[in-house]
Amino acid sequence: MPETRPTAYDSKIEGNVIFTRFDAALNWVRKNSLWPMPMGLACCAIELMATAASRFDIARFGAEVMRFSPRQCDVMIVAGTVTYKMALAVKRIYEQMPEPKWVIAMGACASTGGMYRSYATLQGIDQLIPVDVYISGCPPRPEALLAGLMKLQEKISYERSFRNQKPELAERLEEVLG
Amino acid sequence: MSREELLNRFTKAFEAKLQLKIEFRGETTYTIAASDLRLVAKFCRDELSFDYLIDITSIDNFGEEPRFEIVYHLYSMSDGIHLRFKLKVPEETGAVDTVSDIWPTANWHEREAYDMMGIKFNGHPDLRRILMWEGYPYFPLRKDFPLEGLPSEMPDIAFTKVTPMEGGPFVTVPSTATSKDREPRARPPEL
């Protein structure tokens, strides 16, 4: 039988220890430091730039670090019309992003093809890559992009990150801990 | 050189070769034969100071013969005068001579006409598609190409699918009505 000892109250660590679930801590870290991949393909990119600039300041939500290398990105913001000529390039860049990764389809064109019902335009980026958040608008206001980002943060905070990323380890832990 | 002087010199030089002259809002359009294109183009640039080729556009008169029409828009930088000439291209040959050595800017304009309409340009130094990818099987601005497109597949390069039109195309109406009435929506033609 394991020995149990009453732990003495240590006033030095008061306020320095937080109990939480591992997922909650991990998700909290992830959602507050989303590095965007600015996939600016049309006029939505102008609003994306405005969102990043001082007036709307996407840095307030921890997503100011626009990276132009997919290797360093967490969330791809598809801002604009995706033509068939560009489609596979967007997919390739998405595939180059490390896990975990998310996608925001910004504006009507990226979500559905928008007003471009034509031979040249992909009718929504979700035909090629999984999309987490859709933002309506043509183009959406910066506030809408920020709302979309907050929606994504909310989604991330409910993710079962540990289980999704290390399924074998999670199963073994469950076995061991009963 | 004044406008009249310029046009006079033009008509004098090609009197027998001009098929049709149209005056519209102070702009002159001549129709010429496809075989005279390079002759006319060289004369316009060297003798008439048309140093700027604004654009080359192409028209598909589907169902008519000859099917295609090419329009050259010229501008004289020194005299500030516009000139336009057109020529017809039958579908069987589907080709005209290039003017890319006369006006270098024609290089890309001719590539666009080739890409969208499928008209070939004899003697063009680099006649590749410019907007669509190499290997795309259709010419999308031809009248017999459907608006919603046709499926195609080029592995690792690009693909296209048929666009759901949902009763469209969505069009507006030329009108002085409110923007609510002019809103683009499906307007099937009344039969």
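## Quick word on the interface of chain B and chain A
And step 1. At the junction of the two partners, chain B supplies 23 residues and chain A supplies 11 residues.
And step 2. Carbon and sulfur atoms supply 63% of the area that chain B and chain A bury against each other, a total of about 1,300 Å² over both sides.
And step 3. Considering only the surface of chain B that becomes buried against chain A, Phe159, Lys161 and Thr163 of chain B emerge as the three largest contributors, covering 36% of it.
And step 4. One can count 0 salt bridges joining chain B with chain A.
And step 5. Applying the counting rule to chain B against chain A returns 6 residue pairs in polar contact (both at pLDDT 80 or more).
And step 6. Of all the elements, strand S9 (residues 158-160) of chain B adds the most residues to the side of chain B that touches chain A, at 3 residues.
And step 7. Across the side of chain B that touches chain A, the residue classes tally to 16 nonpolar, 3 polar and 4 charged.

## A closer look at the confidence of the model for chain B
Residue and element names in this part refer to chain B.
And step 1. With 99% of its residues at a pLDDT of at least 70, chain B reaches an overall mean of 88.
And step 2. Per-element mean pLDDT across chain B ranges from 81 in strand S10 (residues 170-171) up to 94 in strand S3 (residues 52-60).
And step 3. ipTM for the predicted complex: 0.78, alongside a pTM of 0.82.

Definitions and cut-offs
Residues numbered from 1 in each chain as written. Chains lettered and ligands numbered in written order. Predicted model: local features only at pLDDT ≥ 70, side-chain atom pairs only at ≥ 80, totals over all residues. Heavy atoms only, no water. Contact = heavy atoms within 4.5 Å. Buried area = accessible area lost by both parts, 1.4 Å probe. Salt bridge = Lys/Arg side-chain N within 4 Å of Asp/Glu carboxyl O. Polar contact = N/O pair within 3.5 Å; in protein donor to acceptor, adjacent residues only side chain to side chain. Helix = DSSP H or I, 4+ residues; strand = E, 2+ residues; numbered from the N terminus. Nonpolar A, V, L, I, M, F, W, Y, C, P; charged D, E, K, R; others polar. pLDDT = per-residue confidence, 0-100.

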